[in-house]
Amino acid sequence: MRVILLGAPGSGKGTQAVLIESRYGFPKISTGDILRSAVQDGTPVGLKVRDLMNRGELVGDDIVAALVEEQIRRPESRNGYVLDGYPRNLAQAREIERMDGSRPEAALEIGLSEEILLERLSRRWVCPRCKTITTQAKPGEVPGNRCPKCREPLVQRDDDKPEVIRERLRVYQEQTRPLREYYANKNAFSLIDGSGTVEGVFLLLSIVLDARLASRTSGH
Ligand SMILES: [Zn+2]
């Protein structure tokens, strides 16, 4: 099964993708991860990506699509995979179907209110040296003010400042609205309440996935 995880920044979808991978054996295909590793491995596409990033340009849809397709074609992805960060828009959703048309799919959105997302994201601090992300108990509270791993003073990324977060959430909603509708029309969409603990949210996700997998095997 092709599992598409949708969720705003701060919804914890990356974490849930890892849990789905370990429980169901569907490899996690994350656009962030594959862009990073292509750059690191110095593949031809990776060199192109590095060049674009160095010039401060966006990595185009065609490059991202090519990298996703490469992952989908791997033998590990034969039984299914979980997409994290892709598709982000309708064009990409259709692209996925071109790459891998006949596979059944489930699009699961981890839903959270804007207030909760804002609160979660503004609690995020990052270590400028080792990039460890630390979540503080309360907004603005930085116990020790040091990275738990390397003791470097923590900083808040511009991305995690409230006005920037609001804009990211607005963009997310705008891009995701047509996707919800698209997958709902195909009967593939489920909205999951993302306000619980990591384990609680995973339980809800797995109930939906189990039901979808069961209805597949029984032929409905
Ligand atoms: Zn550190």
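To keep things clear, this report deals only with the structure shown in the data block. Residue numbering note: each chain is counted from 1, following its sequence as written. Totals for whole chains, interfaces and linings use all residues, but because this is a predicted model, local features are given only for residues with pLDDT of at least 70 and pairs of side-chain atoms are given and counted only at 80 or more. Values shown for side chains rest on all heavy atoms present in the structure; no hydrogens or waters enter the calculation.

1. Focus: the packing of helix α4 (residues 61-72) against helix α5 (residues 90-99)
Let me state the cut-off plainly: Axis angles are defined between N-to-C directions and span 0 to 180 degrees, where every axis is a line fitted to C-alpha atoms and, for a helix, only to the segment in contact. A run of H or I in DSSP counts as a helix once it spans at least four residues, and a run of E counts as a strand once it spans at least two, with each numbered from the N terminus. Working rule for handedness: look at the near helix, and if it is turned counterclockwise from the far one by less than a right angle, call the crossing left-handed; if clockwise, right-handed. Contact criterion: two residues are considered in contact whenever any of their non-hydrogen atoms come within 4.5 Å of each other. Here the nonpolar group is Ala, Val, Leu, Ile, Met, Phe, Trp, Tyr, Cys and Pro; Asp, Glu, Lys and Arg are the charged ones; every other residue, Gly included, is treated as polar.
The contact between α4 and α5 brings their axes to 11 Å, and the two run at 35°. Seen along the crossing, α4 lies across α5 with a hand that is right-handed. Contacts between α4 and α5 involve Asp61, Ala65, Val68, Glu69 and Ile72 on the former and, on the latter, Gln92, Glu95, Ile96, Arg98 and Met99. Each residue belonging to the contact of α4 with α5 can be placed in one class, and the counts come to 5 nonpolar, 1 polar and 4 charged.

2. Looking at the nonpolar core
Cut-off, in case you're wondering: Each nonpolar core is a collection of buried residues, namely Ala, Val, Leu, Ile, Met, Phe, Trp, Tyr and Cys, held together in the definition by side-chain atoms within 4.5 Å. Between buried and exposed lies partly exposed: a residue is buried under 20% and exposed over 50% of the maximum accessible area for its type, with that area taken using a 1.4 Å probe on protein chains only.
Ranked by size, the top nonpolar core spans 35 residues in total, and within it Val68, Ile72, Leu83, Tyr86, Ile96, Met99 and Tyr183 carry the most contacts. Only β1 (2-7), α2 (31-41), α3 (44-54), α4, β3 (81-84), α5, α6 (114-121) and α7 (162-185) provide two or more residues apiece to this core. Residue contacts for Val68: discarding those within four places in its chain leaves Thr31, Ile34, Leu83, Tyr86, Ile96 and Met99. Counting residues in hydrophobic clusters, the runner-up holds 16 residues, among them Val3, Ile20, Tyr24 and Leu205.

3. Quick word on the sheet that holds β1
This is how the line gets drawn: For two strands to be treated as a pair, DSSP must find at least two bridges joining them.
Across the sheet, 5 strands lie side by side as β2-β3-β1-β4-β7; this open sheet has parallel pairing. Two strands in the sheet have a free side with no partner beyond their single neighbour: β2 (28-30) and β7 (189-193). With strand direction ignored, the average angle separating the axes of adjacent strands in the sheet is 25°. In terms of strand pairing, β2 meets β3 through 3 bridges, oriented parallel. Its bridge partner being in β3, Ser30 is matched across the sheet by Asp84. Each of β1, β2, β3 and β4 (105-111) touches helix α1 (residues 13-24); the most contacted strand, β1, lies at about 160° to it.

4. Some words on the pattern of salt bridges
Close approach of charged atoms lets side chains of opposite charge pair. Applied cut-off: We count a salt bridge whenever a side-chain nitrogen from Lys or Arg sits within 4 Å of a carboxyl oxygen from Asp or Glu.
The tally for this structure, following the rule as stated, stands at 20 salt bridges. Taking the shortest distance from any N to any O, the salt bridge between Asp33 and Arg36 comes out at 3.0 Å. Placement of the pair is Asp33 and Arg36 together in helix α2, with a separation of 3 residues, close to one helical turn. Of the residues examined, Asp33 reaches a relative accessible area of 34% and is grouped as partly exposed. The partner of Glu95 in a salt bridge is Arg98, and the shortest N-O contact between them spans 2.7 Å. You can see Glu95 and its partner Arg98 sitting in helix α5, 3 residues apart, about one turn around the helix. Its relative accessible area of 25% is what places Glu95 among the partly exposed residues. Connected through salt bridges with shared partners, the residues Arg2, Glu97, Asp100, Arg103, Glu105 and Lys186 form a single ionic network.

5. Topic: the coordination of the zinc ion
We count it as follows: Only nitrogen, oxygen and sulfur atoms count as donors, using a 2.8 Å cut-off from the metal that widens to 3.2 Å for Na, K and Ca. Water is left out, so coordination shells may look unfilled. Metal sites are grouped by the angles between bound donors: all angles between 85 and 135 degrees with four donors is tetrahedral, opposite donors over 155 degrees apart with the others between 65 and 115 is square planar for four donors and octahedral for six, and any other pattern is irregular.
Around the zinc ion, the protein contributes the donor atoms Cys127 (SG), Cys130 (SG), Cys147 (SG) and Cys150 (SG), at 2.3 Å from the metal centre. One can describe the donor arrangement at the zinc ion as tetrahedral, given that its 4 donor atoms subtend angles of 101 to 121° at the metal. Donor residues for the zinc ion, ordered by position in the chain, follow C-x2-C-x16-C-x2-C. In this pair, Cys127 sits in the loop between β5 (124-126) and β6 (133-135) while Cys150 sits in the loop between β6 and α7, placing the two residues 23 residues apart along the sequence. The class for Cys127 is buried, based on a relative accessible area of 1%. Take Cys150: its relative accessible area is 22%, and that puts it in the partly exposed class.

6. So, the packing of aromatic side chains
To describe a pair of aromatic rings, one takes the distance between the centres and the angle between the planes. For clarity, the cut-off: Working definition: a ring pair exists when centres of Phe, Tyr or Trp rings (six-membered ring for Trp) sit within 6.5 Å. Plane angles under 30 degrees give stacked, over 60 give edge-to-face, the rest tilted.
Applying the stated criterion across every chain, the model contains 2 aromatic pairs. With 5.9 Å between their ring centres and 20° between their planes, Tyr24 and Phe26 make a pair best called stacked. On the accessibility criterion, Tyr24 (17% relative accessible area) is buried. Judged by centre distance (5.3 Å) and plane angle (75°), the rings of Tyr182 and Tyr183 are edge-to-face. Here the two residues Tyr182 and Tyr183 agree in accessibility, since each one is buried.

Fair warning: the whole summary comes from geometry, so function is off the table for now.
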